[in-house]
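Residue-level structure breakdown
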Amino acid sequence: MTKKVLVCITIQENSKRLLTRGAKIAQEEGAMLHILHVRKGATIFDTPNSPILCEELFYYGAKLGGETHFLCGDDIIQTVSDFIAAYGITNLVIGSPPENAILTLNILKQISNKFPALDIEVLERALA
């Protein structure tokens, strides 16, 4: 089975560290690297800086050998889950959300219940 690493990012500079970690895992595992940003709602460009940051992350991800995907949806966890199933993802790298640890645990619980064999790594938020 071909291993596939998925890095879930947000449109912010801090996501580069998630991309770097995902690329390292992909290289170590001989895996394909996928990069996914899911935006709640109908557009990913909700701020004036979004297109610029989006382009920077797309370029950085491509430089690391990844294929970047940008999706919109009302249910972020379901959209990520659908992507995991459709692409046969084996490893997931996500960042801890800024709001609270409860949200992280809820996301992890839902995804790990749907995909028990999925190897999930959560990176703590980097200090500014």
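Presented here is an overview of the structure given in this document. (Residues numbered from 1 in each chain as written. Predicted model: local features only at pLDDT ≥ 70, side-chain atom pairs only at ≥ 80, totals over all residues. Heavy atoms only, no water.)

Per the secondary structure count, the protein includes four helices and five strands. When the helices and strands of the protein are placed in sequence order, the string is β-α-β-α-β-α-β-α-β. Across the 128 residues in the protein, those meeting the buried criterion constitute 38%. Considering only contacts within the protein whose residues lie at least 6 apart along the sequence, 79% involve residues at least 24 apart. Accessible surface, the protein: about 7,300 Å² in total, of which carbon and sulfur atoms supply 56%. (Helix = DSSP H or I, 4+ residues; strand = E, 2+ residues; numbered from the N terminus. Buried < 20%, exposed > 50% of the residue type's maximum accessible area, 1.4 Å probe, protein only. Contact = heavy atoms within 4.5 Å. Areas by Shrake-Rupley, 256 points an atom, 1.4 Å probe, with all protein chains shown as cover.)

So, about the nonpolar core. V5, V7, I9, L19, L33 and V93 are the most contacted members of the largest nonpolar core, which totals 15 residues. Put simply, the parts of the chain that give this core at least two residues each are β1 (4-8), α1 (15-29), β2 (32-40) and α2 (50-63). Ranked by residue count, the leading element in this core is α1, at five residues. For L19, the residues in contact, after removing those within four places along its chain, are V7, I9, I35, L57, Y60, G61 and L64. Core analysis: the next-biggest nonpolar cluster, separate from the first, contains 14 residues, L6, L92, I94 and F115 among them. (Core = buried A, V, L, I, M, F, W, Y, C linked by side-chain atoms within 4.5 Å.)

Moving on, we get to the side chain of T90. Examined against the element boundaries, T90 turns out to sit in the loop between α3 (76-87) and β4 (91-95). The residues contacting T90, other than those within four sequence positions of it, are M1, T2, K3, K4, A117, L118 and D119.

Functional significance is not addressed by these values, which are geometric in nature.
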